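Structure at a glance
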Amino acid sequence: MTAAEGKGAGRGQGLSRRACVLAGASSGLTGWLGAPATAHAGGQLEEPLADSVRTALSSAISNQAPPEPDFSTTDARLHYLRWLGTMSDRLRRRKPEWEVRRDFLQTVWYESKRAGLDVSLVLGLVQVESAFRKYAVSSVGARGYMQVMPFWTRVIGDGDAGKLFHMQTNLRFGCVILRHYLDRERGDLFMTLGRYNGSRGRSPYPDAVFSAQRNWAFQDRITSA
C-alpha cells in the first residue's frame, strides 16, 4: 500500500466513522454495541524506522508473557475485579459468553497497562476499528481487533501475518504500535490516533475514538459500610 492509498483510505473511512459516532450519540451505548459488525479501519502507513526503534519494538512484541494481571495490593486487585465486572456488563451484547468476555477484557487490560496506555482508550479504539470482531479485515487489509496492518509482522515480527488473528498477538501489536506513535507525537493523542489510522491531522477518526472511549470510562465507587 502506498502512502497516497493509505491516506485516501483514511479520508473515505473517516466519513463512515463520523456517521457511526453520530448514530451512537443518538442511541447511546446500546446503539453502539448493537451496530452492524463493520470494520471502519484505515491503515497505518509503513515508514522507515531507525534501527534502535525497530529493535525496541521487536523486543516489545517478542516478550510473550501470559496476560495475567499482577497486583501489588489487595485493593488494586479488587479495583480490577470491579472494573472487569462493569466492562463485562457493557460488552455482553458483543460477546455473550462470559469466558470469552473475561479473556478479552483481561488481555486488553494487561496489554494496555504493559504499554502505558489508558485501557478505556484502547477499548474505544477497538470499538471503532473492528466493532470487537476478532477476524475483522478492512478494505486496506488491516486485521483483527485493533486492525493492525500486515507489514508490521514483517517489520518487527516474524513475518506471519496470520498471527494477527490471535487475540493476544493482535492486542500486543496494536498497543505497542499505538505507544510508538504516542511517543513520536510527544503525547499528543489527537495526532497519535490520526497516525494510527493513516489520516494524521484530520479529525473524524480521533473524534470517533474519543467518543467511543467514553463508553468504557470507569469510575470506581466504593460505598462504606
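Residues numbered from 1 in each chain as written. Predicted model: local features only at pLDDT ≥ 70, side-chain atom pairs only at ≥ 80, totals over all residues. Heavy atoms only, no water.

Turning our attention to the packing of aromatic side chains. Evaluated as defined, the whole model comprises 11 aromatic pairs. Arranged with centres 6.4 Å apart and planes meeting at 85 degrees, the rings of Tyr181 and Tyr196 form a pair that is edge-to-face. With a gap of 15 residues between them, Tyr181 in helix H7 (residues 167-184) and Tyr196 in helix H8 (residues 189-197) connect regions that are remote in the sequence. We classify Tyr181 as buried; its relative accessible area is 2%. On the accessibility criterion, Tyr196 (1% relative accessible area) is buried. What links up through ring pairs into an aromatic cluster is the set Phe71, Tyr80, Trp83 and Trp109. Just above the ring of Phe104 sits the side chain of Lys95; from NZ or CZ to the centre is 5.2 Å. When the ring centre of Trp109 is taken as origin, the NZ or CZ atom of Lys113, which lies over that ring, is 4.7 Å away. (Phe/Tyr/Trp six-rings, centres within 6.5 Å; stacked < 30°, edge-to-face > 60°. Helix = DSSP H or I, 4+ residues; strand = E, 2+ residues; numbered from the N terminus. Buried < 20%, exposed > 50% of the residue type's maximum accessible area, 1.4 Å probe, protein only. Lys NZ or Arg CZ within 6 Å of the ring centre and 35° of its normal.)

Note on pairing: side chains with opposite charge can pair once their charged atoms come close. For the structure shown, the criterion picks out 8 salt bridges. Here Arg92 and Asp89 are joined by a salt bridge, their closest N and O atoms 2.7 Å apart. Overall, Arg92 belongs to the partly exposed group, its relative accessible area being 41%. Ionic contacts of the salt-bridge type, sharing partners, join the residues Glu185, Arg195 and Arg200 into one network. (Salt bridge = Lys/Arg side-chain N within 4 Å of Asp/Glu carboxyl O.)

This next bit is on the nonpolar core. Generally speaking, a soluble globular protein has its nonpolar side chains buried in company with each other. Among the nonpolar cores identified, the biggest contains 49 residues, and Trp83, Phe104, Leu123, Met146, Trp152 and Tyr196 are the most heavily contacted of them. With 9 residues, H7 is the largest single contributor of residues to this core. Residue contacts for Leu123: discarding those within four places in its chain leaves Trp83, Met87, Phe104, Leu105, Val108, Phe132 and Trp216. (Core = buried A, V, L, I, M, F, W, Y, C linked by side-chain atoms within 4.5 Å. Contact = heavy atoms within 4.5 Å.)

Turning our attention to the packing of H8 against helix H9 (residues 204-213). As a packed pair, H8 and H9 sit with axes 8 Å apart at the nearest point and diverge in direction by 110 degrees. Here H8 lies roughly perpendicular to H9, going by the angle between them. The element H8 and its partner H9 pack so that their crossing is right-handed. Residue-level inspection shows Leu189, Phe190, Leu193, Gly194, Tyr196 and Asn197 of H8 in contact with H9, the latter providing Tyr205, Pro206, Asp207, Val209 and Phe210. When its residues are assigned to classes, the contact of H8 with H9 shows 8 nonpolar, 2 polar and 1 charged. (Axes fitted to C-alpha atoms, helices over the stretch in contact; angles between N-to-C directions. Parallel < 35°, antiparallel > 145°, perpendicular 65-115°, else oblique. Left-handed = near helix turned anticlockwise from the far one by under 90°. Nonpolar A, V, L, I, M, F, W, Y, C, P; charged D, E, K, R; others polar.)

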